[in-house]
Amino acid sequence: MAGFLPLAFTDKMKKLLGGKEYERFIDSYRAPRVYGLRINRLKLNTEHWRRLSPLGEAVRPIPWAEDGFYYGEGERPGKHPHYHAGLYYIQEPSAMAPVELLDVQPGHRVLDLCAAPGGKSTQIAGKLQGSGVIVSNDNARERTKALAKNIELAGVRNAVVLNEEPAALARVFGGWFDRILVDAPCSGEGMFRKDESMIAEWEKHSIERCSVMQRSILKDAAQMLAPGGKLVYSTCTFSPEENEAQIALLLAEHPEFEVIPLMPQFGWTSGRPDWLAAAETAGLSAERLASIAGTVRLWPQNIEGEGHYAALLQRKAACEGYIRVPEADVVFEQEFRPAQEEKFKHRSGKDNGNALRAAEKRGGSGKDSKLSKKAGKGSAMSRLSETAADPMAAWYAFAEAHLSSAFEAGTSRLQAYGSRIYLQPQGLPPLDGLRVIRAGWFIGELNGRGVFEPSQPLAMGLRREEALRTLNWSANDPNAVRYLKGETLFVEPPELNVIADEENGNGVETPPLKGYVLVCVDGYPLGWGKYADGGMLKNELPAGWRLI
Ligand SMILES: C[S@@+](CC[C@H](N)C(=O)[O-])C[C@H]1O[C@@H](n2cnc3c(N)ncnc32)[C@H](O)[C@@H]1O
């Protein structure tokens, strides 16, 4: 493997590391790669997962990641029903480090600026525990599909997915975020062992080109951090131009930023400001330059994981030069601009947020059950009336018939975009003019007959006890895999678990068997089925979510 490394790369590494360390570095390319997965704590904790999973006994903790484990090469965790229930995410062990350093707490506003395919966004969402908001962005349109899907698979309720250039975000989110992750596009030198195709990419994504991109991304990211907020910059490459040099530039241009020193623990080593050229450190005092040693390098010869770099920065609590956007406490007035309307046009002939405004005007005439209040506290929803063509009213009707009183929408607000309905985290500034991929938790949409169809992300974000009708198979039950393959199944009525819930509009009577059923494995949702006469369970798992 080491023989395949580009000569320009090995020559440079030899110069940087010196004889002995370089040999250890090159030897690491002959060592087998390691595999990691991270438990999704939005669903369960690590102890519970280890008891539940056939892998539970065999895995080993990753020292720097609270919920991370190494698993063996022969295992195929991506094929197990638990993966399809979003119980874990498969992630390279070193890639778990940046979010661990970011100090995300429930309630924070977090930006993951270069987020696709979403490994770190799901990790951040786990730390938020459903409270606060994560804005996940990537400028590559195609890659945002995987990003949105991974966020939905993990059952995240408080994410907004955007497809923007950082400069466009900076115009909307000035000084807005408590935490920002910049997991920058890079030349990928640290991934050569894991993925040989990265070697070919290396030539294309030259270090110089990546450095220019990184500088621009960091400059915009800096604008969006609130005073006192923290930012992690990370790459999976070794070149100092893409690592320490980027931090030096940021510190030179932003006196209000400082490096928070990281402990070189777990086999990590200190950042190397001494590797920078004079031109890269211009304008920095000796003290600020030295502070870059407080960043960390993860070397494959020192740890069980691939090569990474991470820096933790903080914006001073009192600082000038940022514009904090005003809080938007009524967000349902916003509408997408033409680009977004175009995107949703095929789904609805109606102007979207207008369903809400119309409902607002009708105010007070609608139903006002306990459930409807819970499904969008303080929003227009609890004042909606139920009319067939009104997406909000249709959602109401669905919630009444299918969700239990355990369902809580928290402080999120109902938003309709065309026929699609979202629960959006509260307090976001207007997203006007931005390319919005997911405006929040996508819960469902109106079909051509004006009936609400629940979405796959709704199923994945629910807890089992929040649905009135559930089916639960163990992971060993062949029905779980048959369901995941998209098959129609036949289910005897006693297998269905149907809750009689006094707040669901059915009094204390058990609701009818027919209707949407939340299909679960070992207690965790996989998707919807529709129960019909004769015990038929129509499979509602979308094609892109099936096991192939
Ligand atoms: C290292 S990958 C991110 C991996 C991701 N954080 C994860 O953990 O799954 C870098 C990402 O940056 C995106 N990217 C490149 N240039 C960008 C830009 N100017 N703004 C936002 N994202 C960008 C790429 O499309 C790519 O998905």
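About the thresholds
Residues numbered from 1 in each chain as written. Predicted model: local features only at pLDDT ≥ 70, side-chain atom pairs only at ≥ 80, totals over all residues. Helix = DSSP H or I, 4+ residues; strand = E, 2+ residues; numbered from the N terminus. Buried ≥ 20, exposed ≤ 12 C-beta atoms within 10 Å, placed from the backbone. Contact = placed C-beta atoms within 7 Å. UniProt positions renumbered as here; feature names shortened; annotations may be inferred. Pairing = 2+ DSSP bridges. Axes fitted to C-alpha atoms, helices over the stretch in contact; angles between N-to-C directions. Core = buried A, V, L, I, M, F, W, Y, C linked by C-beta atoms within 7 Å. Domains from an automatic or database assignment. Near = placed C-beta within 6 Å.

Each helix and strand in the protein chain was counted, giving 18 helices and 24 strands. Within the protein chain, the fraction of its 548 residues that count as buried is 49%. A separation of at least 24 residues holds for 74% of the contacts in the protein chain among residues at least 6 apart in sequence.

It is worth spelling out the UniProt feature "binding site: S-adenosyl-L-methionine" (unreviewed entry) in the protein chain at this point. Summarizing the sequence annotation, UniProt attributes the feature "binding site: S-adenosyl-L-methionine" (unreviewed entry) to Cys114, Ala115, Ala116, Pro117, Gly118, Gly119, Lys120, Asp138 and Asp183 in the numbering used throughout. Look at the named residues: they lie 70 residues apart in sequence, but the longest C-alpha span between them is just 12.7 Å, so in the fold they bunch up. Structurally, alanine 115 is set in the loop between β5 (109-112) and α6 (119-128). By C-beta crowding, alanine 115 is classed as buried, having 27 other C-beta atoms within 10 Å. Those residues in contact with alanine 115 that lie beyond four places of it in its chain are Lys120, Ser121, Ser136, Asn137, Asp138 and Leu147. Of note, glycine 118 is situated in the loop between β5 and α6. Those residues within four positions of glycine 118 in sequence are excluded, and the remaining contacts are Ser136, Ala146, Leu147, Asn150 and Ile151.

Attention now moves to the sheet that holds strand β17 (residues 441-446). The strand order β14-β15-β17-β18 describes an open sheet built from 4 strands, whose pairing is antiparallel. Whereas interior strands pair on both sides, the edge strands pair on one side only; in this sheet they are β14 (413-417) and β18 (452-454). Ignoring which end each strand starts from, the neighbouring axes of this sheet average 30° apart. Looking at chain direction, strand β15 (residues 420-424) and β17 are connected through 4 bridges and run antiparallel. Across the sheet, residue isoleucine 421 finds its bridge partner in β17, namely glycine 444.

What follows deals with unusual backbone geometry. Residues alanine 116 and proline 117 are joined by a peptide bond in cis, for which omega reads 5°. Within the secondary structure, proline 117 sits in the loop between β5 and α6. One non-glycine residue, phenylalanine 266, adopts positive backbone phi at about 60°. Checked against the element boundaries, phenylalanine 266 lands in the loop between β10 (257-259) and β11 (269-270). Even without being glycine, aspartate 522 reaches a positive phi, approximately 50°. Mapped onto the elements, aspartate 522 comes out in the loop between β22 (515-521) and β23 (524-531). Residue classification places aspartate 522 among the buried positions, given that 20 C-beta atoms sit within 10 Å.

Quick look at the sheet that holds strand β4 (residues 88-90) now. Taken in spatial order, the 4 strands of this open sheet run β2-β3-β1-β4, and their pairing is antiparallel. With partners counted over all chains shown, the strands left at the sheet margins are β2 (60-61) and β4, one partner each. Pairing analysis gives 3 bridges linking strand β1 (residues 35-39) to β4, with the strands arranged antiparallel. Across the sheet, arginine 38 pairs through a bridge with tyrosine 89, a residue of β4.

Nonpolar side chains in soluble globular proteins tend to end up buried together. Of all hydrophobic cores here, the largest spans 135 residues; its most connected members are Ile180 and Val182. The element contributing the most residues to this core is helix α16 (residues 391-402), with 7 residues. The residues that make up this core include at least three from each of domain 1 (338-454) and domain 2 (464-545). When neighbours within four sequence positions are excluded, isoleucine 180 is seen to be in contact with Leu111, Leu113, Ala221, Met224, Leu225 and Leu231.

Near the ligand lie 20 residues; those nearest to it are Cys114, Gly119, Ala140, Asp183 and Pro185. At the level of elements, α6 and α10 (207-223) are the ones that each hand at least two residues to the shell around the ligand.

Across the 11 residues of strand β9 (residues 225-235), 9 count as buried, placing the element largely inside the fold. As defined by bridge partners, β9 adjoins strand β13 (residues 308-315) across 6 bridges and the pair is classed as antiparallel. Across the sheet, valine 232 pairs through a bridge with leucine 312, a residue of β13.

Attention now goes to the environment of glycine 448. Following the sequence through the fold, glycine 448 ends up in the loop between β17 and β18. Here glycine 448 falls in the exposed class, since 8 other C-beta atoms lie within 10 Å of it. In this structure the C-alpha to C-alpha distance between glycine 448 and serine 419, which are 29 residues apart in sequence, comes to 9.5 Å.

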